[in-house]
Amino acid sequence: MRVNEKYSTLPAEDRSVHIINICAIEDIGYLPSEGTLLNSLSVDPDAECKHGLYFRDGRRKVDYILVYHPKRPSGSRTLARRVQHSDAAPAARGARQDQPLPGKGSVGAVGSPEPPMDYHEDDKRFRREEYEGNLLEAGLELERDEDTKIHGVGFVKIHAPWNVLCREAEFLKLKMPTKKLYHINETRGLLKKINSVLQKITDPIQPKVAEHRPQTTKRLSYPFSREKQHLFDLSDKDSFFDSKTRSTIVYEILKRTTCTKAKYSMGQGEGRKKDSALLSKRRKCSKYGITSLLANGVYSAAYPLHDGDYEGENVDFNDRKLLYQEWASYGVFYKYQPIDLVRKYFGEKIGLYFAWLGVYTQMLIPASVVGIIVFLYGCATVDDNIPSMEMCDQRHNITMCPLCDKTCSYWKMSSACATARASHLFDNPATVFFSVFMALWAATFMEHWKRKQMRLRYHWDLTGFEEEEEAVKDHPRAEYEARVLEKSLRKESKSKEKRRHIPEESTNKWKQRVKTAMAGVKLTDKVKLTWRDRFPAYFTNLVSIVFMIAVTFAIVLGVIIYRISTAAALAMNSSPSVRSNIRVTVTATAVIINLVVIILLDEVYGCIARWLTKIEVPKTEKSFEERLIFKAFLLKFVNSYTPIFYVAFFKGRFVGRPGDYVYIFRSFRMEECAPGGCLMELCIQLSIIMLGKQLIQNNLFEIGIPKMKKFIRYLRLRRQSPSDHDEYVKRKQRYEVDYTLEPFAGLTPEYMEMIIQFGFVTLFVASFPLAPLFALLNNIIEIRLDAKKFITELRRPVAVRAKDIGIWYNILRGVGKLAVIINAFVISFTSDFIPRLVYLYMYSENGTMHGFVNHTLSSFNVSDFQNGTAPNDPLDLGYEVQICRYKDYREPPWSEHKYDISKDFWAVLAARLAFVIVFQNLVMFMSDFVDWVIPDIPKDISQQVHKEKVLMVELFMREEQGKQQLLDTWMEKDRQQDEPCNNHGPKACLDSPEYPGGAL
């Protein structure tokens, strides 16, 4: 690397710190003199660099941190600690010379013994030195610190000077606020009064954050350009680019800076030549910036710094502390989120997630209110429900057929009275209304979010982000480029083998070598990964996903067998109380087993989905994220909802009839629904799984696992720390504290748990109207829990710009459409809503529901039991049973076609299918109508965007007019100066004092 620099050896106590301040391009900006830089090293670091937020000079802010594990170089070589900086004299910038980076070894003492070399560690060290040298050439400034309180860990602090920030902001087309201010159009008349009243009412629940206050003016934003710096307010250059923007710019440089040069020589010998070839090939395949260097262990971590501490009396006030007080505290659960401040600190992508979560939580409030009303309606009408009253009336004396073979005996329908009454709480006419309401709620929620999203895009200056995103998303991933390079190397080696066996003419050898070299240079540009290259990965994906789904089905089948066998075992118990609560016991224990399995498989499926996506080697980060989300959602969707689907649509459908039951493995008889239907059991299953997942997986795991990892990391670091306790307890630098935090793993887990919850709220809401209420209570805690995790438990993530929530919106729309279909089938086939309507309008003699229970039961002659299936104790009820009843629509035993399906069954089935078709199409039409009525872009936002474009055109027109006027003025002056020359001759012009050149 060619630099213009001086060297000065540091004293022994400062030899672990390296300052690199280098001029890579001509307009590097401020460069401190040698005296200033060396003096800054002698100042107390804790006082001057604000505990690691600044370089040792106390002026340059740390924008990014690279972490590595330093090890002494091979042999007895020692590192010469040096300070490099540019000469302050401008004339000295022309001459540049090659100098080694700090950290490179110098020649040791002559004759000293050299121990065996650690080629792997030396390769990492050389790659770090080369990479950091390339960062210097990109204009960044670095400072290394190995004298830390964390044993065996070194830090490289990175600072982006002003000129680099300007250059990268122009490359990235970052929109920055200009000096131009304009007034935002305010509502007038009645709307203005309503808004003012709402602001006064909601003022107590507004966060005390400046960014959250309503703004009447806004600065016009424009993509930053170095040629148009006069448009921007650069009075305070230190705060023009905030910490989030600075870290984003540095991360973009880290991603595209490569380390490709082969600096390492393995020595002589065949074995070392082979190792050298392997190292060289690996180095070529790992030349793609910080992501590959992190993957290969060259650096152990890379992250931007938090703004400071978030708690403590002597802590300087910063955005992190403000967010902790007004956002991440459980005491402010009732307040709105300071979304603009979240976006300012974490970036647009994380800001959009919390904005979406806030809108979703707000929309759950009306859904919860309606759900409570529906539930209360069921409670109020339970005593007026005629079918449940008939089931509880012991005077009817209805004897039911056994629930299992041999061990189970006959039982009275009145024993299921409690289940029948509880079923009415969720299976009543209001449930149908609530299902329609929730379908429209889902459509309204999606439209409301689209409008909110457009408002955020306007306020966050992302209205012109589409074109930029299209250009960025095609940037290849490092793993993809590595696979392409490996493929090109294989092709190149095959072509060499072919040429080796083909005789070449001596006259064309030189020409052939030139062609080979040119072909090697352009090889990677032509090679791409085709479907043939990815076919093994695609096949592995298909087989693995099918296998995982089959595992889920097998586990559900195992739980079904457990339910059947446990019910048969409990039926043999001599205690009447145990036998009377068989259904509740079996259902509760089976649901708990399902819950535990779902939680465990969710973690396993998340890891499998990531591995399956990696072996596909997607080309871009966007493609990688979308494929990962799709696989994880598919597996977790099947895992979470398969037990619920079984109870809703399969349990009790394929049991057969007494005397001809259906068996699993010829041993286990399929279980039946209760006389009141399976809806109550579906409600229990849904509520336990939903609440259990939210309580255990979403809350306890999110709190417990990060704290446990942090504690383990603390113990590990303390074990590695120096024995001197006073030195250990000395206050750590900011980058050391952040290193002990948990790395940010992305937003996929956060979105996933909310999407699964959205499915619980919408898919089976007909069976559990209280689902929105429990989701609302969970989300109130979830928002503050996630906020606390981001502020206190995680390293600061790199800010990522985004204009929407991506593929998650399409998943939400898909779940909303699927919810309409599923609720139609739940109401039609799982509940008794349709059979009641059919009986009321076709079979009722007096237009009431009296006789409905008897209508839904068929008769069976106990003499028709198969051998070995009749009850062992037929007199358990105290009398001999001749006819028992079972729930189905079949001909009686005295009929000519006994036990065949009756006409009533087909009438009910036709009504059920007709209801599904009508309900689905009607609700879909109403949802599409809501989508059409509500515009995606609010009218005021579209007006403001149009106004911004007009103001921008006017601004540039005035600028061009000013330039034209200035040019006209100069031309007029030149014309006035030329007139005396034309009228009085050249001599008068030359003698004129106004002539700029004077006399010749």
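Reading the values: rules and limits
- Residues numbered from 1 in each chain as written.
- Predicted model: local features only at pLDDT ≥ 70, side-chain atom pairs only at ≥ 80, totals over all residues.
- Heavy atoms only, no water.
- Helix = DSSP H or I, 4+ residues; strand = E, 2+ residues; numbered from the N terminus.
- Buried < 20%, exposed > 50% of the residue type's maximum accessible area, 1.4 Å probe, protein only.
- Contact = heavy atoms within 4.5 Å.
- Areas by Shrake-Rupley, 256 points an atom, 1.4 Å probe, with all protein chains shown as cover.
- Salt bridge = Lys/Arg side-chain N within 4 Å of Asp/Glu carboxyl O.
- UniProt positions renumbered as here; feature names shortened; annotations may be inferred.
- Patch = residues over 30% accessible without salt bridge, like charges linked within 9 Å, V, L, I, M, F, W, Y side chains within 5 Å.
- Lys, Arg positive; Asp, Glu negative; His and termini not counted.
- Charge placed at Lys NZ, Arg CZ, Asp CG, Glu CD.
- Axes fitted to C-alpha atoms, helices over the stretch in contact; angles between N-to-C directions.
- Parallel < 35°, antiparallel > 145°, perpendicular 65-115°, else oblique.
- Left-handed = near helix turned anticlockwise from the far one by under 90°.
- Expected span 1.5 Å × (residues − 1).
- Polar contact = N/O pair within 3.5 Å; in protein donor to acceptor, adjacent residues only side chain to side chain.
- Core = buried A, V, L, I, M, F, W, Y, C linked by side-chain atoms within 4.5 Å.
- Phe/Tyr/Trp six-rings, centres within 6.5 Å; stacked < 30°, edge-to-face > 60°.
- Lys NZ or Arg CZ within 6 Å of the ring centre and 35° of its normal.
- Pairing = 2+ DSSP bridges.

A. Summary view of the overall build of the chain. Helices and strands together make up the secondary structure of the chain, namely 34 helices and 21 strands. Counting over 1000 residues, the chain shows a buried share of 48%. Residue pairs at least 24 apart in sequence account for 82% of intrachain contacts in the chain once pairs closer than 6 positions are excluded. Surface summary for the chain: the accessible area is close to 50,100 Å², and the carbon and sulfur share equals 59%.

B. Spotlight on the pattern of salt bridges. Counted according to the given criterion, the structure contains 42 salt bridges. The partner of Lys344 in a salt bridge is Asp319, with the nearest N and O atoms 3.5 Å apart. Taken together, the positions of Lys344 in helix 11 (residues 339–346) and Asp319 in helix 10 (residues 319–326) put the pair 25 residues apart, joining distant regions of the chain. Note on Lys344: relative accessible area 29%, which makes it partly exposed. Connected through shared salt-bridge partners, Glu447, Lys450, Arg813, Asp931 and Asp936 make up one network.

C. Structural view of the UniProt feature "transmembrane region" (unreviewed entry) in the chain. This chain's UniProt record puts "transmembrane region" (unreviewed entry) on residues 353–377, 430–449, 538–564, 584–608, 628–649 and 754–781. For the annotated span residues 353–377, helix accounts for 100% and strand for 0% of the residues, and the straight-line distance between the end C-alpha atoms is 36 Å. Between the first and last C-alpha atoms of residues 628–649 the distance is 30 Å; the span itself is 100% helix and 0% strand.

D. Up close: a positive patch on the surface. On the surface, a cluster of positive charge is contributed by Arg490, Lys491, Lys494 and Lys498. Inspection of the secondary structure puts Lys491 in helix 17 (residues 478–501).

E. Looking closely at a nonpolar patch on the surface. Residues Leu190, Leu191, Ile194, Val197, Leu198 and Ile201 make up a contiguous nonpolar surface patch of roughly 590 Å² in combined accessible area. Within the secondary structure layout, Leu190 lies in helix 5 (residues 190–202). The exposed category is assigned to Leu190, whose relative accessible area is 62%.

F. Inspection of the packing of helix 20 (residues 531–571) against helix 23 (residues 621–650) at higher detail. Contact geometry of helix 20 with helix 23 gives a least axis separation of 9 Å together with a crossing angle of 20°. Between helix 20 and helix 23, the angle is such that the two are roughly parallel. Viewed along their axes, helix 20 and helix 23 form a crossing whose handedness is right-handed. For the pair formed by helix 20 and helix 23, the contact residues are Tyr538, Asn541, Ile545, Met548, Ile549, Thr552, Phe553, Val556 and Ile560 on the first element and Arg627, Lys631, Leu634, Leu635, Val638, Asn639, Thr642, Pro643 and Tyr646 on the second.

G. Structural context of helix 15 (residues 429–459). Relative to the 45 Å expected for 31 residues at 1.5 Å per residue, helix 15 spans 45 Å between its end C-alpha atoms, a close match to the ideal helical length. Measuring from the side-chain oxygen of the N-cap residue of helix 15 to the backbone nitrogen of Ala430 gives 3.0 Å; that N-cap residue is Asn428.

H. Representation of the packing of helix 12 (residues 348–381) against helix 15 in the model. Here helix 12 crosses helix 15 at 160°, and the two axes come no closer than 10 Å. By the angle between their axes, helix 12 is roughly antiparallel relative to helix 15. Judged by the twist between their axes, the crossing of helix 12 over helix 15 is right-handed.

I. Broad picture of the nonpolar core. Core analysis: the largest hydrophobic core is formed by 117 residues, its most contacted members being Trp327, Phe346, Trp356, Tyr360, Trp441, Phe764 and Ile805. Residue contributions to this core peak at 15 residues, all from helix 12. Among the nonpolar cores identified, the runner-up in size contains 46 residues, and Leu165, Leu293, Val945 and Met952 belong to it.

J. Just unusual backbone geometry, in detail. In this structure, Lys406 is a non-glycine residue whose phi angle is positive, near 65°. Assignment of secondary structure puts Lys406 in the loop between strand 14 (399–400) and strand 15 (411–412). Judged by relative accessible area, which is 43%, Lys406 ranks as partly exposed.

K. Geometry of the environment of Glu750. With respect to the helices and strands, Glu750 occurs in helix 27 (residues 748–762). Since its relative accessible area comes to 5%, Glu750 is described here as buried. Each C-alpha atom, one on Glu750 and one on Glu702, is 10.0 Å from the other, the two residues being 48 residues apart in sequence.

L. Quick peek at the packing of aromatic side chains. A complete count under the given rule lists 52 aromatic pairs for this structure. With a centroid separation of 6.3 Å and an interplanar angle of 25°, the aromatic rings of Phe535 and Phe539 are classed as stacked. Of the two residues, Phe535 and Phe539 are both situated in helix 20; the distance of four residues between them amounts to about one turn of the helix. Centroid distance Phe768 to Phe774: 5.9 Å. Interplanar angle 15°. Geometry classified as stacked. Residue class for Phe768 comes out buried when judged on its relative accessible area of 4%. The ring of Phe126 has Arg125 lying over it, and the distance from NZ or CZ to the ring centre is 4.9 Å.

M. Summary view of the pairing of strand 10 (residues 154–159). With six of six residues buried, strand 10 is to be regarded as a mostly interior element. Alternating residues of strand 10 divide into Gly154, Val156 and Ile158 and Phe155, Lys157 and His159, and every residue in both groups is buried. The sheet contact formed by strand 9 (residues 141–145) and strand 10 spans five bridges and is antiparallel. Bridge assignment links Leu142 to a residue of strand 10, and that residue is Ile158.

N. Representation of the environment of Glu793 in the model. Tracing the backbone through its elements, the reader meets Glu793 in helix 28 (residues 771–793). For Glu793, a relative accessible area of 11% translates into the label buried. Taking the C-alpha atoms as reference points, Glu793 and Glu742, 51 residues apart in sequence, are found 6.1 Å from one another. Residues in contact with Glu793, not counting those within four places in the same chain, are Pro706, Lys707, Lys710, Leu741, Glu742 and Lys788.

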